[in-house]
Amino acid sequence: MHVSDDLNVQHSVSPQREVTLAFTGASGALYGWRLLQVLLSLNVKVHLLISSAAKVVFATEHDLKLNGNPQACQAQLVEIFGCAPHLLAVYGKDDWFSPVASGSAAPKTMVICPCSTGTVAAIAHGMSDNLIERAADVVLKEKGQLILVPREAPLSALHLENLLALARLGATIMPAAPGFYHQPKTIEDLIDFIVARLLDHLGLPQQLMPRWGYQPHTTRD
């Protein structure tokens with residue numbers, strides 16, 4: 001085979017998008033749930049990390065008990081979403097041999113949604129005491145894309161300082177604070193506002209909500 005043929009073959013290969021997604025113990029579990037649903041529908045491979053506190057939040061806010069065993073949880077979610085099993089990998093908090101734990105294998109993109117202020121603090125100070133913190137540390141050190149979706153109110157000066165430190169390191173801070181200019185009618189509309197913004201930042205197509213200026217503007221009396 002000629003060299004030019006090899007190059008043609010290589011250019012024809014389109015690598016699959018991979019994203020590390022983490023759920024932590026902040027309120028707003030449905031934001032992460034909806035994002036996971038949309039990513040899988042787009043055939044994006046998701047490396048999913050779920051903290052112990054996140055499982056409590058899901059049981060409280062979503063009336064869903066996530067299996068504590070990573071393999072069983074993966075099977076549970078595959079059944080719920082009806083996705084291909086290879087699109088979803090679930091890891092335990094101490095699975096240090098997972099791809100997301102190493103800069104040589106981890107996806108260059110990670111979203112923590114929702115992101116607790118405790119997780120923010122740990123990442124800001126390089127703690128890496130569990131796989132979520134380590135995965136975020138890897139993305140930062142490899143100059144990848146880290147998006148945090150904090151949900152806390154009010155924010156203390158300490159919270160703000162930690163968020164500022166991460167923003168200065170290149171992380172995107174996207175609070176779970178939906179807008180209202182799209183005239184939401186349901187809770188799902190508010191959730192989709194944030195998920196649509198996340199997809200925009202990930203460079204993925206979305207039709208969850210129209211972009212500003214691309215629909216006729218209406219006013220209410």
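Relevant structure appears above.
Quick caveat: nothing in here was measured; it's all calculated off a predicted structure. (Residues numbered from 1 in each chain as written. Predicted model: local features only at pLDDT ≥ 70, side-chain atom pairs only at ≥ 80, totals over all residues. Heavy atoms only, no water.)

Would you mind going over the packing of helix α2 (residues 29-41) against helix α4 (residues 70-81) in detail, with residue names and values included?
In contact at an axis separation of 11 Å, α2 and α4 are set at 70° when each is read in the N-to-C sense. As judged from the angle between their axes, α2 and α4 are roughly perpendicular. On α4, the residues touching W33, L36, Q37 and L40 of α2 are L77, I80 and F81. Each residue belonging to the contact of α2 with α4 can be placed in one class, and the counts come to six nonpolar, one polar and no charged. (Axes fitted to C-alpha atoms, helices over the stretch in contact; angles between N-to-C directions. Helix = DSSP H or I, 4+ residues; strand = E, 2+ residues; numbered from the N terminus. Parallel < 35°, antiparallel > 145°, perpendicular 65-115°, else oblique. Contact = heavy atoms within 4.5 Å. Nonpolar A, V, L, I, M, F, W, Y, C, P; charged D, E, K, R; others polar.)

Kindly report on the side chain of Q76, identifying the contributing residues and their values.
By secondary structure assignment, the location of Q76 is in helix α4. A polar contact of 2.9 Å, which involves the side chain of Q76, links it to the backbone nitrogen of N67. (Polar contact = N/O pair within 3.5 Å; in protein donor to acceptor, adjacent residues only side chain to side chain.)

A description of unusual backbone geometry should follow, citing residues and the corresponding values.
The omega torsion of the bond from C113 to P114 falls at -5°, within 30 degrees of zero and hence cis. As for its position among the elements, P114 is in strand β4 (residues 109-115). Between A153 and the following residue, P154, the backbone shows a cis peptide bond with an omega angle of -5°. Among the structural elements, P154 can be located in the loop between β5 (145-150) and α7 (157-168). Positive phi, normally seen in glycine, also occurs at Q183, with a value near 55°. Tracing the backbone shows Q183 in the loop between β6 (172-173) and α8 (187-202). By relative accessible area, Q183 is classed as partly exposed at 28%. (Buried < 20%, exposed > 50% of the residue type's maximum accessible area, 1.4 Å probe, protein only.)

So what about the state of the cysteines? Which residues, and what values?
Under the criterion given, the structure shown has zero disulfides. No disulfide involves C115; its sulfur sits 9.2 Å from that of C113, the nearest cysteine. (Disulfide = S-S within 2.5 Å.)

Quick one: what's the story with the sheet that holds β4, residue by residue and with numbers?
Reading across from one edge, β3-β2-β1-β4-β5-β6 is the order of the six strands in this open sheet, with parallel pairing throughout. Whereas interior strands pair on both sides, the edge strands pair on one side only; in this sheet they are β3 (88-91) and β6. Strands β1 (18-23), β2 (45-50), β3, β4 and β5 of the sheet are contacted by helix α6 (residues 131-141), whose axis makes an angle of about 135° with β4. (Pairing = 2+ DSSP bridges.)

Describe the pairing of β3, and please don't skip the residues or the numbers.
Residues L88 and V90 of β3 are buried on one face, and the alternating residues A89 and Y91, pointing to the opposite face, are buried as well. Strand direction decides the pairing type here: β2 and β3, joined by four bridges, are parallel. The residue bridging L48 from the neighbouring strand is V90, located in β3.

Break down the packing of aromatic side chains for me, with residues and values.
Scanning the entire structure with this criterion turns up four aromatic pairs. Grouped by ring-pair contacts, the aromatic residues F23, W33, F58 and F81 constitute a single cluster. (Phe/Tyr/Trp six-rings, centres within 6.5 Å; stacked < 30°, edge-to-face > 60°.)

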